[in-house]
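# Fold and contact review
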Amino acid sequence: MIAILKHGTTPAQTQHLIDWLKNMNLDVHISEGQEVTVLGLIGDTSRVDMELLGSLDIVESVKRVSEPFKQVNRKFHPLDTVVQVSDAKIGGGHFAMIAGPCSVESEEQIIEVAAAVKAAGANLLRGGAFKPRTSPYAFQGMKGAGIELLIKAKAATGLPIVTEIMNISTLDLFADVDVIQVGARNMQNFDLLKELGKTQKPILLKRGLANTLQELLMSAEYIMSEGNENVMLCERGIRTFETYTRNTLDLSAISVLQELSHLPVIVDPSHATGKAKLVPPMAYAAAAAGADGIMVEVHNNPACALCDGAQSLTPVQFAELNKKVQQIREVLK
Ligand code: PEP
Ligand code: MN
């Protein structure tokens, strides 16, 4: 349920109302915009007398929120969430260009790619240290040593770093990581989501291979319900009957998620397509559709990459992609 307060309501009046609602065992989420203040009521709202609440002097209107996701819901929080990552802002008109290799492979590799993507205009560096691989015999990532190398790349370039967590037991290793990624395969690892919700780290939550947008939003709700509001959603392609591409990029997810939720929406055209030649056109389409950011795999030598070489761009290709993405954003302004 949400209560929209009248313009001109004083902080004391708002607080008085919040105290009254909290006395009914409800959590109250406050969203203060320039024009309007929205109180989101979380918990068992069946005991709230909507008519009574709506009749109060300071209350403009009261609405039931029928969707099961509450804190993620734009009705609870009409303004776009802007996630602050180090010096970078993401969402609400601020764009993230996240680039880097699928996996951290060596110090030379990650420093070289970091410097190249920075020079080409990326504002965040990605790189997997814990890799969820389909085969147990495939390269599993450098793990803690990989995170150490990402931290070195961050020191060398100033780029904040994004890397995936697979198990909450490794959380201590992520102390200096700027954005923790939850991969597609862990989107519904609810224990992991709840623990990440207890931190204040920005979380990049990727859509599962076969999950609906509502399920993605419910997973974001798991993180937010524990107190962490720094959540970004990532569309990375879903599994369909099509086999030419690795997955099928659901471009409409951008608009749907932005309508239903206030969280930034990032698009990953690399895992969505699995083919380097398809990455630029899908990145342009995502930028044109209003994505809040793009995450692209870039490798200094894709042919020799230990993971996902076929979908990795060279630094030169990435520079061209970023230039065009920024041009598209200019046109849309
Ligand atoms: C990744 O971004 O490194 C990754 C493994 O992606 P996904 O979880 O989307 O497959
Ligand atoms: Mn990858």
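See the structure above.
In every chain, residue numbers begin from 1 and rise along the written sequence. As a convention, the first chain written is A and the first ligand written is 1, with the rest following in written order. Residue-level local features of this predicted model are given only where pLDDT is at least 70; pairs of side-chain atoms are given and counted only at 80 or more, and the full residue set underlies all totals for whole chains, interfaces and linings. With hydrogens and water stripped out, all remaining heavy atoms of the structure feed into the side-chain values.

With that settled, consider the overall build of the protein. The secondary structure content of the protein amounts to ten helices and 14 strands. Computation of the radius of gyration draws on C-alpha atoms, with the globule rule given as 2.2 Å multiplied by the number of residues to the power 0.38. Here the C-alpha radius of gyration of the protein, 21 Å, is about what a compact globule of 333 residues would show, namely 20 Å. Here the C-alpha coordinates of the protein stretch approximately 65 × 45 × 40 Å along the principal axes. Any residue under 20% of the maximum accessible area for its type is buried, any over 50% is exposed, and the rest in between are partly exposed; the area is computed with a 1.4 Å probe on protein chains only. Looking at the protein residue by residue over its 333 residues, the buried ones come to 53%. Within the protein, counting contacts between residues at least 6 apart in sequence, those at least 24 apart form 69% of the total. Only runs of H or I of at least four residues qualify as helices and only runs of E of at least two qualify as strands under DSSP, and these elements are numbered from the N terminus. The contact criterion used throughout is that any non-hydrogen atoms of two residues lie within 4.5 Å.

A few words on unusual backbone geometry. The backbone of Lys-143 shows a phi angle near 55°, a positive value even though the residue is not glycine. With respect to the element layout, Lys-143 can be found in the loop between strand E8 (124-126) and helix H4 (144-157). Located in the positive-phi region is Asp-308, a residue other than glycine, with phi close to 60°. Take Asp-308: it is sitting in the loop between strand E14 (293-297) and helix H10 (315-332).

Before going further, it helps to examine the pairing of E14. With five of five residues buried, E14 lies mostly within the body of the structure. With burial as the criterion, each face of E14 is covered, one bearing Gly-293, Met-295 and Glu-297 and the other bearing Ile-294 and Val-296. Strands were regarded as paired on the criterion that DSSP finds at least two bridges between them. Inspection of the sheet shows strand E7 (residues 96-100) paired to E14 by five bridges, in the parallel sense. Its bridge partner lying in E14, Gly-100 is registered against Glu-297. Here strand E13 (residues 265-267) pairs with E14 via two bridges, running parallel. Bridge pairing links Val-267 to Ile-294 in E14.

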